[in-house]
Amino acid sequence: MKNWLEGLKGKVSFNEPLAKYTTFRLGACAKLLAEPKTPDDLIFLLSRAREKDIKPLVIGGGSNLLIKNKVPLAIRLSSQEFTRFSVDDEMAKAGAGLSIYALIRKALENNLGGLEFLSGIPGTVGGAVMMNAGVSWPEKKEAGDFIEELEVLDKNGNISILKKDSLRFGYRSSNLEGLILTSVVFRLEKKPRARITEEIKDFWDYRNERQDLRGFSAGCVFKNPDGDSAGRLIDSCGLKGAKIGDAVVSRKHANFIINRGKAKPADVLRLMQIIQRKVYEKHGVKLEPEIKIV
Ligand code: EPU
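Here, residues in each chain are numbered from 1, in the same order as that chain's written sequence. A pLDDT threshold of at least 70 governs which residues receive local features in this predicted model, and a stricter bar of 80 or more applies before side-chain atom pairs are shown or counted, although totals over entire chains, interfaces and linings include all residues. Water and hydrogen atoms were dropped before computing side-chain values, which therefore reflect all heavy atoms in the structure.

1. A word on the side chain of Arg-207
Tracing the backbone through its elements, the reader meets Arg-207 in helix 4 (residues 193-210). Exposure is judged per residue with a 1.4 Å probe applied to protein chains only, and the accessible area is read against the type maximum: over 50% gives exposed, under 20% gives buried, and values in between give partly exposed. Under this rule, positive means Lys or Arg and negative means Asp or Glu; His and the chain ends count for nothing. Salt-bridge detection follows one rule: a side-chain nitrogen of Lys or Arg within 4 Å of a carboxyl oxygen of Asp or Glu. It turns out Arg-207 is buried and unbridged, and the closest side chain with the opposite charge, Glu-290, is 8.8 Å from it. Contact definition: two residues touch when any of their heavy atoms are within 4.5 Å. Those residues in contact with Arg-207 that sit more than four places away from it in its chain are Phe-117, Ser-119, Gly-120, Ile-121, Val-135 and Leu-213. What counts as a helix is a DSSP run of H or I of at least four residues, what counts as a strand is a run of E of at least two, and both are numbered from the N terminus.

If you want it as structure tokens, here you go:
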């Protein structure tokens, strides 16, 4: 069979297990995993996928993702072109594939502050922006608040620059659904390096004290219902330590499910159903998943 991606620059692999690209360390395979080299290669890839009627999945940092079913085409924006970082005064441009960790470090090197609250969040710039990653402590801060403009591709491969007035961000959501982000310009602020370092540490410490950052997880599994914390509700049902197979409700933070090693997507999904049912029975609250299930 002729490879329909022939001509694509970048890495292509077949029947690639995707678990290693997710922070949960579990999930199905991709029939094809492509890592295009440039935006042009990405456009080429999207056009071939469209001809074949295949809907691609961009995996980003795989930090908020549960891959239940075999994926026909997975895309990683891991090449140099998609992980660039540059600064123009207080504007910082980052490729969508750059890790949040590298974004914060590079901003720090340039004495630019603002994104310290993302410290400790795994994933990439693209994922953090699409999902409007954020914190609620000591005040609400979200990635979307810092965006000046961004570059996206639609499913037909058309590139557009979206300015901040056309962007809508909500709680762990944005109006970028269905688009592929390629780069983002953040508006940051000059700050003394020591202060940035201190704030990065404060956010990291806050997270590390409360959240299970060592185990394999996808962060908070459920969205917080209005005015409450999903973690608190799950905890109040006595579910810490509840498990199905190797999928366990964290004892540190009840809104984290940990893969102890051999958990299957079905184990996590069953545990999620149990959590939803118990929380509904006790509190009348329907918890909605925050993680993307594909
Ligand atoms: N709580 C419990 N038991 C638990 C967990 C929490 O009683 O097992 C209580 C805490 O004692 C506290 C309250 O619930 O009184 C809130 O807990 P926490 O400060 O840990 O915040 P959260 O609401 O659980 C949210 C975000 C986190 C973010 C933190 C810190 C969501 C779903 N979660 O968690 O984001 O890191 O605030 O700002 O919005 C994520 O999105 O993946 C995530 C982890």
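On we go.
2. Quick notes on helix 6 (residues 265-283)
Between its terminal C-alpha atoms helix 6 stretches 27 Å, which fits the 27 Å expected from 19 residues at 1.5 Å a residue. Tucked into the core, helix 6 has its buried residues touching strand 4 (65-66), helix 5 (230-236), strand 17 (243-244), strand 18 (247-249), strand 19 (257-259) and strand 20 (292-293). Directly beyond the C-terminal end of helix 6, a positive phi value near 70° is found at Gly-284. The length a helix should cover is 1.5 Å for every residue beyond the first.

3. Let's talk about the pattern of salt bridges
The full count for this structure, using the stated rule, is 19 salt bridges. The residue Arg-84 makes a salt bridge to Glu-81 at a minimum N-O spacing of 3.8 Å. Note on Arg-84: relative accessible area 46%, which makes it partly exposed. As a salt-bridge pair, Asp-205 and Lys-201 come within 2.7 Å of each other at their nearest N and O atoms. With a gap of 4 residues between them, Asp-205 and Lys-201 both fall in helix 4, about one helical turn apart. A residue is classified by how much of its surface remains accessible, and Asp-205, at 27% relative accessible area, is partly exposed.

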